[in-house]
Amino acid sequence: MDVRRLGWLGTRTPRFAETTRFFRDVLGLTTFSEEPDFAMFRPAGADHDYVEIIGPDAKDSEFEAATFTTGPVVSFVVGDIVAARSELDSAGVELLGEIVWSSSIADFGWFHFRGPDGNVYGMMQGSRAIGD
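Residue indices follow the written sequence of each chain, beginning from 1 at its first position. Side-chain atom pairs in this predicted model are given and counted only at pLDDT of 80 or more, local residue features only at pLDDT of at least 70, and totals for whole chains, interfaces and linings cover all residues. Neither water nor hydrogens contribute to the side-chain values; these are computed over all heavy atoms in the structure.

Draft legend 1. Seen up close, the sheet that holds strand β2 (residues 30-35). In short, DSSP must find at least two bridges between two strands for them to pair. Labels follow the DSSP assignment, with helices taken as runs of H or I lasting at least four residues and strands as runs of E lasting at least two, numbered in each case from the N terminus. Reading across the sheet, the eight strands line up as β2-β3-β4-β1-β5-β8-β7-β6 and stay open at both edges, with mixed pairing between neighbours. The open sheet has two edge strands with one neighbour each: β2 and β6 (94-101). The average undirected angle you get between the axes of adjacent strands in this sheet is 20°. As paired elements, strand β1 (residues 3-12) and strand β4 (residues 50-54) share five bridges and run parallel to each other. Bridged to L9 within β4 is V51. Most of the contacts of helix α3 (residues 81-90) go to β6, to which it runs at about 170°, and overall it touches β5 (73-78), β6, β7 (109-114) and β8 (120-125). Axis lines are fitted to C-alpha atoms, over the contacting stretch for helices. Their N-to-C directions set the angle, which ranges from 0 to 180 degrees. Working rule for contacts: check all heavy atoms of both residues, and any pair within 4.5 Å makes them a contact.

Draft legend 2. Structural view of the packing of aromatic side chains. Each aromatic pair joins two rings of Phe, Tyr and Trp (for Trp, the six-membered one) with centres within 6.5 Å, and gets the label stacked for planes under 30 degrees apart, edge-to-face for over 60, and tilted for any other angle. By the definition in use, this model includes nine aromatic pairs. Plain terms: the ring middles of F63 and F68 are 6.3 Å apart, the flat faces sit at 80° to each other, and that makes the pair edge-to-face. The cut-offs for exposure are 20% and 50% of the maximum accessible area for each residue type, with area from a 1.4 Å probe on protein chains only; residues under the lower value are buried, those over the upper are exposed, and the others partly exposed. Accessibility expressed as a relative area gives 33% for F63, which makes it partly exposed. Considering the side-chain rings of F111 and F113, the 6.3 Å spacing of their centres and the 50° angle between planes classify their relative orientation as tilted. For F113, a relative accessible area of 7% corresponds to the buried category. Through successive ring pairs, a cluster of aromatic residues spans F76, F111, F113 and Y121. Positioned over the ring face of F111 is R85, at 5.7 Å from the centre of the ring. Whether a charge lies above a ring is judged from NZ of Lys or CZ of Arg, which has to be within 6 Å of the ring centre and within 35 degrees of the ring normal.

Below, the structure is given as structure tokens:
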């Protein structure tokens, strides 16, 4: 599998306001997007690497509510997400849903899976996700 780097961290928390302040004010991450119960941050100098904070009432967060139950979720950036998903499937890894393709970033997609430790992880791909 062609894992190139880590590209995303997401956490779902009932302490949305405190967590958002921590990432912004203590860690110094730049706010990329913010709406009620959802915030996206970018580390300085990072190109399309994000940290997402998801509160309990975030819009369209049913998947996260059902699957992000073991703590923060990290996503690995791969060159070919279809091949990566197929490799994980062949290895008997529990896949959590299909590949989701972005409607706003060409060739940017992601999916989640459960590792042998019971934690949820993700895979992502796209020209903007791999720095091309």
